[in-house]
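What the coordinates show
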Amino acid sequence: MSKRYGNELTLRDARQRYSENRGFGDKLKAGPIALYFPNTKARVRAVKLHDLHHVLTEYDTTWRGEAEIGAWLINLSALAVGLAIAPRPVYRALCAGGALGITTRGSLKRAS
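First things first, this report covers the structure right here in the doc.

**Describing a nonpolar patch on the surface**
Nonpolar side chains collect at one region of the surface, where Trp63, Val81 and Ile85 lie side by side and expose about 340 Å² of accessible area between them. By the element assignment, Val81 lies in helix α4 (residues 76–85).

**Things to note about the pattern of salt bridges**
Where charged atoms from two side chains of opposite charge approach closely, those side chains can pair. Using the criterion set out here, one finds one salt bridge in the structure. Glu68 is the partner of Arg64 in a salt bridge, and the nearest nitrogen-oxygen pair spans 3.5 Å. In this pair, Arg64 and Glu68 are both assigned in helix α3 (residues 63–72), four residues apart and thus about one turn of the helix distant. A relative accessible area of 7% means that Glu68 is categorised as buried.

**Things to note about the packing of helix α2 (residues 41–57) against α3**
Remark: α2 packs on α3, axes separated minimally by 11 Å, with the N-to-C direction vectors making an angle of 95°. When the axis of α2 is compared with that of α3, the two are roughly perpendicular. Contacts between α2 and α3 involve His50, His53, His54 and Thr57 from the former and Gly65, Glu66, Ile69 and Trp72 from the latter. Counted by class, the contact of α2 with α3 contains two nonpolar, five polar and one charged residues.

Thresholds, definitions, all that
- Residues numbered from 1 in each chain as written.
- Predicted model: local features only at pLDDT ≥ 70, side-chain atom pairs only at ≥ 80, totals over all residues.
- Heavy atoms only, no water.
- Patch = residues over 30% accessible without salt bridge, like charges linked within 9 Å, V, L, I, M, F, W, Y side chains within 5 Å.
- Areas by Shrake-Rupley, 256 points an atom, 1.4 Å probe, with all protein chains shown as cover.
- Salt bridge = Lys/Arg side-chain N within 4 Å of Asp/Glu carboxyl O.
- Helix = DSSP H or I, 4+ residues; strand = E, 2+ residues; numbered from the N terminus.
- Buried < 20%, exposed > 50% of the residue type's maximum accessible area, 1.4 Å probe, protein only.
- Axes fitted to C-alpha atoms, helices over the stretch in contact; angles between N-to-C directions.
- Parallel < 35°, antiparallel > 145°, perpendicular 65-115°, else oblique.
- Contact = heavy atoms within 4.5 Å.
- Nonpolar A, V, L, I, M, F, W, Y, C, P; charged D, E, K, R; others polar.

Here it is, written out as structure tokens:
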């Protein structure tokens, strides 16, 4: 799976460890400012999938790491921010996602 979590963990267990290690809850911290979001069913589902990206890629939860995830998924907004704040690692993430055939919806393209 990844160097950080090893092959002995399932994705569910690795995501659980990831969340516990970071003390995640219902807030997002942007520098000194804490933003609170309601944990709707849709958000919980989306965050679980997003966190799997962090587990698999080992990108951190910093602005740079989130930009790398966005570039890996070819999210143009995140890519633009990422290229401004950390151009080389974000470019590498973009290439890594493209090499895997990741699309903007985060699904794999059908091989031709």
